[in-house]
Amino acid sequence: MIEKLAKIQVAMLGLILGLCLIIGASVLSSNFKKNEITVTGSAYEIVKSDSASWKVQVSTKAPTSVEAYNKLMAQVPTVAEFLVQSGIKKEQISYLGINNYPTYKRDLKGNYTQDVAFYNYDQVLKITSDEPELVDKVYLQIPSLIQKGITIQAYPPEYYYSELNKKKAELLKAATADAKVRAEGMLKATNNRVGKISSVKMGVMQITPADSNEVSDWGINDSSTIDKKITAVANVVFSVK
């Protein structure tokens, strides 16, 4: 009985050793067959926006539609004059369509009635400029128009960089070079060398404020700041020599 048990144990041990050899050989073969290394490289650069888009909305209200409209027609030129005196060129100002709507009275229960309380009119002025710093300065001065009895809403300016596509290409090249440097450092200890590139996959481009480290899986495209940081990521597969 003991002899039979011993034979079974020897057989099981042999089977286990055989499986280990097969698995080990398979993994070793797979590593040599693949013979590649995947590395992520990155590069960034701080750029300054070279254009700006900005909107301001002038609003009026009065008991009658005619009064509200006339007030708007009197105030819009005042706002335009303020912009020009602040350095914005006339040709950089465009006037969007006029919007109007009534505001109805409420009854004692707070429900709207069919009686008009007053009429509202508003118009948006859009400023397109190649001087982002000037737009930023004027944007902060807009509240001074309130002292002239003008109801105005200044939307945050949007800032853009015209050479973005060119810069993306440059940074992708730099990110690929960074990936190679990292691969060389990883392989140095193994006495291997970095070979040719097997494939390159561009990661999501991040355009953030200059002092931000924020990232997003979908990418960030900041338009709220003049100074921006453009970050490129490249996932590179190298052959191993």
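Residue indices follow the written sequence of each chain, beginning from 1 at its first position. Two thresholds apply to this predicted model, a pLDDT of at least 70 for residue-level local features and 80 or more for giving and counting side-chain atom pairs, whereas whole-chain, interface and lining totals are computed over all residues. Just so you know, side-chain values use all the structure's heavy atoms and leave hydrogens and water out.

(A) Looking closely at the overall build of the protein. Helix and strand content of the protein: four helices and ten strands. Seen in sequence order, the protein has helices and strands lined up from the N terminus as α-β-β-α-β-β-α-β-β-α-β-β-β-β. Any two residues whose heavy atoms approach within 4.5 Å at even a single point are treated as in contact. A separation threshold of at least 6 residues defines the contact pool for the protein, and within that pool the share at least 24 residues apart is 74%. For the protein, the exposed area adds up to about 15800 Å²; of that, 57% sits on carbon and sulfur atoms. Secondary structure elements are taken from DSSP: a helix is a run of H or I of four residues or more, a strand is a run of E of two residues or more, and numbering for both begins at the N terminus. To measure how exposed things are, a 1.4 Å probe is used in the Shrake-Rupley method; for residues, cover is taken only from the protein chains shown.

(B) Molecular detail of a nonpolar patch on the surface. On the surface, Tyr69, Met73 and Ile98 cluster together into a nonpolar patch covering about 230 Å² of accessible area. Structurally, the position occupied by Met73 is in helix H2 (residues 65–85). Each patch groups residues whose relative accessible area exceeds 30% and which form no salt bridge, using 9 Å between like charges and 5 Å between nonpolar side chains of Val, Leu, Ile, Met, Phe, Trp and Tyr. Any Lys or Arg side-chain nitrogen located within 4 Å of an Asp or Glu carboxyl oxygen qualifies as a salt bridge.

(C) Layout of the environment of Lys148. By the element assignment, Lys148 lies in the loop between helix H3 (132–141) and strand S5 (151–154). Each C-alpha atom of the pair Lys148 and Thr78 lies 9.3 Å from the other, and the pair is 70 residues apart in sequence.

(D) The pairing of strand S10 (residues 227–240), seen in detail. Exposure is judged per residue with a 1.4 Å probe applied to protein chains only, and the accessible area is read against the type maximum: over 50% gives exposed, under 20% gives buried, and values in between give partly exposed. Across the 14 residues that make up S10, a large majority, ten, are buried. Only strands joined by at least two bridges in the DSSP assignment are considered to pair. Pairing of strand S1 (residues 36–48) with S10 involves 13 bridges; the strand directions are antiparallel. Residue pairing for S10: Glu36 is matched across the bridge by Ser239. Bridge count between strand S8 (residues 206–209) and S10: four bridges; the pairing is antiparallel. Considered in S10, the bridge of Gln206 is made with Thr231.

(E) Focus on a positive patch on the surface. Among the surface-exposed residues, Lys180, Arg193, Lys196 and Lys241 lie close enough to one another that they form a single positively charged patch. Lys196 sits in the exposed class, given a relative accessible area of 70%. In this tally, Asp and Glu contribute negative charge and Lys and Arg positive charge; neither His nor the terminal groups of the chain are included. Charged groups are reduced to one reference atom each: NZ for lysine, CZ for arginine, CG for aspartic acid, CD for glutamic acid.

(F) Molecular detail of the environment of Thr60. Along the chain, the position of Thr60 falls in strand S2 (residues 51–62). The buried category is assigned to Thr60, whose relative accessible area is 6%. For the pair Thr60 and Asn100, spaced 40 residues apart in sequence, the C-alpha to C-alpha distance is 9.5 Å. For Thr60, the residues in contact, after removing those within four places along its chain, are Ala68, Lys71, Leu72, Gln75, Tyr119, Asn120 and Tyr121. Pairs of N or O atoms are called polar contacts if they sit within 3.5 Å, as long as, within protein, a hydrogen donor faces a hydrogen acceptor (for residues adjacent in sequence, only side-chain-to-side-chain pairs). In this structure the side chain of Thr60 is engaged in a polar contact, spanning 2.8 Å, whose partner is the backbone oxygen of Ala68.

(G) Representation of the pairing of S8 in the model. Bridge count between S8 and strand S9 (residues 220–221): two bridges; the pairing is parallel. By the bridge assignment for S9, Ile207 is matched with Asn221.

(H) Expanded view of the pattern of salt bridges. Under the criterion given, the structure shown has six salt bridges. Two residues, Glu131 and Lys89, come together in a salt bridge whose shortest N-O distance is 3.5 Å. Of this pair, Glu131 sits in the loop between strand S4 (112–129) and H3 while Lys89 sits in the loop between H2 and strand S3 (93–106); the two residues are 42 residues apart in sequence, bridging distant segments of the chain. Overlapping salt bridges, with partners in common, bring together Glu45, Lys167 and Glu170 in one network.

(I) Structural view of the side chain of Gln75. Relative to the helices and strands, Gln75 is located in helix H2. Judged by its relative accessible area of 13%, Gln75 is buried. Aside from chain neighbours lying at most four places away, what touches Gln75 is Val58, Ser59, Thr60, Gly149, Ile150 and Thr151.

(J) Representation of the side chain of Ser129 within the structure. Turning to its location among the elements, Ser129 is positioned in strand S4. Classification of Ser129 by relative accessible area gives buried; the value is 3%. A distance of 2.9 Å separates a polar side-chain atom of Ser129 from the backbone nitrogen of Glu131. Every residue in contact with Ser129, bar those within four places of it in the chain, is listed here: Ser51, Ala52, Gln92 and Val135.

(K) Representation of unusual backbone geometry. In the Ramachandran plot, Asn191 falls in the positive-phi region, its phi being about 60° despite a non-glycine side chain. Tracing the backbone shows Asn191 in the loop between helix H4 (164–188) and strand S7 (194–202).

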